[in-house]
Amino acid sequence: MRAVQGTRKISGARKGFFYALIGNVLVSTNFVTAKHALTGFDPGSFSLVWTAAAAVYTLVLLAVLGRLSDLAIPRRALPRMIVLGAATAAGMVLGWAGLARLDPAFSALLWRFAPVITMGLGVFFLKERLTLREVLAAAVMVAGGLWSVGGRWEAVAGGVILTLASCLANAVQMMSAKQEVAQVHPDALVFYRTGIATIFLALWVSAGGGSDFDAPGSCWAATLVGGFLGPCASFLFTFRAYRYWDLSRVALMATVQPLWVAFFTFLFAGAVPTARDLSGGAVILTGAVWMGWIHLGGKKVEDPALETP
C-alpha cells in the first residue's frame with residue numbers, strides 16, 4: 001500500500017510539472033500575439049475582445065465535451081469567482097497597457113516579479129511550504145532574469161509601473177483559483193475567470209476605458225488566435241496543475257517564461273536576443289532544469305496536494 005501511495009505522489013508531481021510547463025509555454029505566446037494586436041487596438045478594447053473570445057472558446061469546448069454541468073458551482077464559491085474575474089480584468093488592462101509601451105522581451109522579464117508575488121501569497125495566506133532545493137532553483141532563475149534586465153531600465157517608466165501592478169493583480173487571481181480548484185473544475189474556473197472578467201471589461205469600455213474596435217484584420221486575427229492560446233488553453237493546463245501542485249510551485253515554473261518569449265519573438269518577429277539576454281537565459285534554463293530534476297528525477301516529493309486526483 002505504501003508503495004502504491006508513493007507512486008501516486010510521484011505521478012502527481014509529474015502531472016503538476018507538465019501541466020504547469022505546457023500552460024507556461026502557451027501563455028508565453030501572449031507577448032507576441034498581444035503585442036501585434038495592440039498596434040491596432042487600444043488596451044481596453046483589446047482586453048474586452050481577447051477575454052470575451054477566451055470565454056466563448058471555453059464554453060464551446062465544454063459543450064463539445066458534454067461537460068456543461070461542470071459550470072455548476074457551490075454558492076459559497078461565487079464571491080471568489082467574482083474576485084477572480086475582477087482581478088483578471090484589472091490585470092489585463094494594466095498588463096496590456098504596459099506591454100504597449102515596452103518590447104516583449106523586457107516585459108516578460110519584468111513579469112518575473114509575478115511568480116515572486118504569487119509565491120509570497122501562497123506561503124503567507126495558504127501556508128504552503130517550499131523545499132530548500134526549490135527555493136535555490138527559483139533563486140537561480142530569478143537571478144538570470146535580473147541579469148537580463150540589468151541596464152535596460154531606460155524603458156518607459158509608465159510601462160514598468162503598469163506591468164508591476166498587473167503582476168500583483170495576476171497573483172491575486174491565481175491565489176483565488178488555487179483556493180477553489182478542489183471544489184470547482186479547472187475548466188469551469190477558466191470560463192468564470194474570463195466570463196466575469198468580460199463583464200467588468202465591458203463596463204470599463206462603456207465608461208470610456210476604450211472604444212476603438214476599427215483594427216486591421218491582422219490585429220483581429222492575432223487577438224482571436226491569442227485569445228485561444230493564452231487566456232483559454234494555457235489556463236486549462238495551469239489550473240489543472242493546481243490540483244497536483246501548490247500555488248507557489250506552479251508560480252516557480254513561470255520564472256522560465258522569458259526563454260519561451262524570446263523564442264517566440266525570434267520565430268515570429270525575427271528579433272534576435274542580445275548577448276545579455278542569452279547569458280541570462282542560460283542561467284534561467286539552469287534553474288529550470290534543476291527544478292525539473294527535483295520533480296522528475298524519481299526523488300520523493302513531499303506535497304500533500306499531490307494526493308488530490
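Predicted model, so just to flag it, every value in this text is computed and none were measured. (Residues numbered from 1 in each chain as written. Predicted model: local features only at pLDDT ≥ 70, side-chain atom pairs only at ≥ 80, totals over all residues. Heavy atoms only, no water.)

Q: Mind showing me how you'd approach the overall build of the chain here?
A: Within the chain one finds 13 helices and zero strands. Expressed as a percentage of its 309 residues, the buried residues of the chain come to 50%. Taking the contacts inside the chain whose residues are at least 6 apart along the sequence as the reference set, 92% of them involve residues at least 24 apart. Accessible surface computed for the chain: about 13600 Å², of which carbon and sulfur atoms make up 71%. (Helix = DSSP H or I, 4+ residues; strand = E, 2+ residues; numbered from the N terminus. Buried < 20%, exposed > 50% of the residue type's maximum accessible area, 1.4 Å probe, protein only. Contact = heavy atoms within 4.5 Å. Areas by Shrake-Rupley, 256 points an atom, 1.4 Å probe, with all protein chains shown as cover.)

Q: Honestly, the packing of helix 3 (residues 43-64) against helix 10 (residues 217-241) in this entry has me stumped. Any pointers?
A: The geometry of a pair of packed helices is captured by two quantities: the angle between their axes and the separation between those axes. Their axes nearest at 8 Å, the elements helix 3 and helix 10 cross at an angle of 55 degrees. When the interaxial angle is binned, helix 3 and helix 10 end up oblique. The two elements helix 3 and helix 10 cross, and the hand of that crossing is right-handed. Residues F46, V49, W50, A53, A54, Y57, T58 and L61 of helix 3 touch helix 10, and the partners they reach there are W220, A222, T223, L224, G226, G227, F228, P231, C232 and L236. Within the contact of helix 3 with helix 10, the residues separate by chemical class into 14 nonpolar, four polar and no charged. (Axes fitted to C-alpha atoms, helices over the stretch in contact; angles between N-to-C directions. Parallel < 35°, antiparallel > 145°, perpendicular 65-115°, else oblique. Left-handed = near helix turned anticlockwise from the far one by under 90°. Nonpolar A, V, L, I, M, F, W, Y, C, P; charged D, E, K, R; others polar.)

Q: Would you take a moment to explain the environment of L110 for this structure?
A: Considering the arrangement of structural elements, one finds L110 in helix 5 (residues 104-110). Separated by 148 residues in the primary sequence, L110 and P258 place their C-alpha atoms 9.3 Å from one another.

Q: What is the right way to look at the pattern of salt bridges in this model?
A: A side chain with one charge may pair with a side chain of the opposite charge, provided their charged atoms come close. Throughout the structure, instances matching the rule amount to five salt bridges. Between R80 and E180 there is a salt bridge, with its nearest N and O atoms 2.8 Å apart. Here E180 lies in helix 8 (residues 157-180) and R80 lies in helix 4 (residues 78-99), a separation of 100 residues in the sequence. Owing to a relative accessible area of 0%, E180 belongs among the buried residues under this scheme. Its salt-bridge partner being R240, residue D187 comes within 2.5 Å of it at the nearest N-O pair. Taken together, the positions of D187 in helix 9 (residues 186-209) and R240 in helix 10 put the pair 53 residues apart, joining distant regions of the chain. Here D187 falls in the buried class, since its relative accessible area comes to 2%. A network of salt bridges, in which partner residues are shared, links R67, D70, D187 and R240. (Salt bridge = Lys/Arg side-chain N within 4 Å of Asp/Glu carboxyl O.)

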